[in-house]
Amino acid sequence: MPALVLVGAQWGDEGKGKATDQLGGQVDYVVKFNGGNNAGHTVVIGDETYALHLLPSGILSPGCTPVIGNGVVVDLSVLFEEIDALEARGVSCAKLVLSADAHLIASYNRTLDRVAERFLGNRRIGTTGRGIGPTYADKMNRIGIRVQDLFDEGILRLKVEGALELKNQVLVKVYNRKAVEVDAVVEELLSYVDRVRPMVADTSLLLNAALDRGETVLLEGGQATLLDVDHGTYPFVTSSSATAGGACTGSGIGPRRVDKVIAVVKAYTTRVGEGPFPTELRDADGEALRAAGHEYGTTTGRPRRCGWYDSVIARYAARVNGVTDFVLTKLDVLTGWERIPVCVAYEVGGRRFDEMPVSQSDFHHAVPVYEHLDGWDEDITAARTFDDLPKTAQAYVQALEQLSGAPFASIGVGPDREQTLELRSLLP
Ligand code: GDP
Ligand code: IMO
Ligand code: MG
């Protein structure tokens, strides 16, 4: 049995949480491999709505073991808040496993994330302010604090001292903030030791052993292709590898074990934070999409920027992730438009681009070339098969599939688990 990777195709919030939750009942492990509590995944099960940040969406499937992989950055206070809130609602988190190699978000990195954004002014990224960027920077800089450091107080103190030697200079001299005390940081981190200890494991060993036994592992990406630090719209990206390649480094599974790469793509496009967005609608149409799709951030509550489907982005996501299947979401949100524009290419300074321009400046100036497809008026939220859809909605989906570079496996017509049209099975 295989490992499956699930990633976002656009700028996040495609509905990865719902897709992961749907597969959760059929897989043995769900592994979060990148990001941290910058993510916000909403999962709707009947009358219950869950907003997950740090926990893998598989936490809602009782048969499945949720794993936080080594590629994740963990804010322990958020982790236990999230666990306590779920347990209070009757969701057991007892099976959660946490990688000994995952990095911890220390309080000074939350502070630095926020003050750095303020300092950047109009060059800001629009981060979630959760300390994600500075924590990954520390990891690359080799001054990070890892989960396993909690179990050796001497080492922990040495590492915090080392990090703060640099950080305090920056906090005080660059940002005019107070220095942080080593003792306070060490004490806070140590206060979690007893709760963390039973969760911690060598998750690479655990997952590879599960695959050897023939069990199924789903690797769930946070953020999305265009927020990936290598393949996204740099510098307007997050600081981790959100594409399929990150699933291997972020979990300790070799690429030959990955059987399928599933990308979740919205029937239109949204983005939170700053950065280029060719099909963005800065008018009443954009507001209409935001209202119909309830496009407000799950993590920060910020209104999401909205625009039409961009097939250049979908083809790019298909390429850099090696997508085998797309999961199309939120088709129902498009109900009511007479004609729906779909971006098929860009024009930059009189030149046509059928693929993503290599230069960031060209992407900033890309003007979408649109094809206009017929819309539909019928409520499609009760559709359960492709044939239940109006003919024009079927044609819209087929046109998107033709343009996007990989087959569509399912179509979302509402937030509930049940509101999905399955076209082909995602599991072998
Ligand atoms: P994620 O970050 O990719 O997991 O996505 P979010 O949870 O941040 O945002 C997706 C939102 O769309 C959530 O509120 C989901 O409940 C909702 N959603 C997912 N699929 C569908 C769908 O097919 N139709 C509608 N109307 N809502 C959906
Ligand atoms: P999910 O998993 C949408 C965006 C932020 C900002 C940029 C960098 O729910 O799809 P960061 O705090 O990561 O340093 O911010 O990335 N961003 C997301 N946008 N969905 C997310 O996660 C995001 N996680 C980060 O808005 O533009
Ligand atoms: Mg989200």
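Calculation notes
Residues numbered from 1 in each chain as written. Chains lettered and ligands numbered in written order. Predicted model: local features only at pLDDT ≥ 70, side-chain atom pairs only at ≥ 80, totals over all residues. Heavy atoms only, no water. Axes fitted to C-alpha atoms, helices over the stretch in contact; angles between N-to-C directions. Helix = DSSP H or I, 4+ residues; strand = E, 2+ residues; numbered from the N terminus. Left-handed = near helix turned anticlockwise from the far one by under 90°. Contact = heavy atoms within 4.5 Å. Nonpolar A, V, L, I, M, F, W, Y, C, P; charged D, E, K, R; others polar. Donors = N, O, S within 2.8 Å, 3.2 Å for Na, K, Ca; no water. 1 Å grid on protein atoms, 1.4 Å probe; cavity = no way out; pocket = protein on both sides within 12 Å on 5 of 7 lines; lining within 4 Å. Points joined across faces, edges and corners; volume = space filled by probe spheres on them. UniProt positions renumbered as here; feature names shortened; annotations may be inferred.

Some details on the packing of helix H3 (residues 107-120) against helix H5 (residues 153-174)
Axes are the key here: two packed helices are described by the angle between their axes and the distance separating the axes. The contact between H3 and H5 brings their axes to 11 Å, and the two run at 35 degrees. Considering the relative orientation of H3 and H5, their crossing is left-handed. For the pair formed by H3 and H5, the contact residues are Tyr 108, Asn 109, Thr 111, Leu 112 and Phe 119 on the first element and Ala 163, Leu 164, Lys 167, Val 170, Leu 171 and Val 174 on the second. The residue inventory of the contact of H3 with H5, partitioned by class, reads 8 nonpolar, 2 polar and 1 charged.

Quick word on the coordination of the magnesium ion (ligand 3)
The coordination sphere of the magnesium ion (ligand 3), as far as protein atoms go, consists of Asp 13 (OD) and Gly 40 (O), spread over 2.0 to 2.1 Å. Residue Asp 13 is found in the loop between strand S1 (3-8) and helix H1 (16-24), and its partner Gly 40 is found in the loop between strand S2 (29-32) and strand S3 (41-45); the two are separated by 27 residues along the sequence.

Here's the deal with the layout of surface pockets
In this structure, the second largest pocket occupies an estimated 520 Å³ of space. In terms of lining residues, the second largest pocket is bounded by 24 residues, among which Gly 15, Thr 42, Gly 293, Lys 330 and Pro 415 are the most central. Those elements giving two or more residues to the lining of the second largest pocket turn out to be H1, S3 and helix H10 (284-293). Looking at the lining of the second largest pocket residue by residue, the classes come out as 6 nonpolar, 11 polar and 7 charged.

Description of the UniProt feature "active site" (unreviewed entry) in the protein
The UniProt record marks Asp 13, His 41 and Lys 139 with the feature "active site" (unreviewed entry), using the residue numbering of this structure. A maximum C-alpha distance of 25.9 Å among these annotated residues, which run over 127 residues, shows that they spread across the structure rather than meeting at one spot. In the annotated set above, the residues contributing to the lining of the second largest pocket are Asp 13 and His 41. Among residues more than four places away in sequence, those in contact with Asp 13 are Gly 40, Lys 266, Thr 270, Val 272 and Arg 304. In this structure His 41 touches Lys 16, Gly 17, Tyr 50, Ala 51, Leu 52, Ser 57, Glu 220 and Thr 298, once residues within four positions along its chain are discounted.

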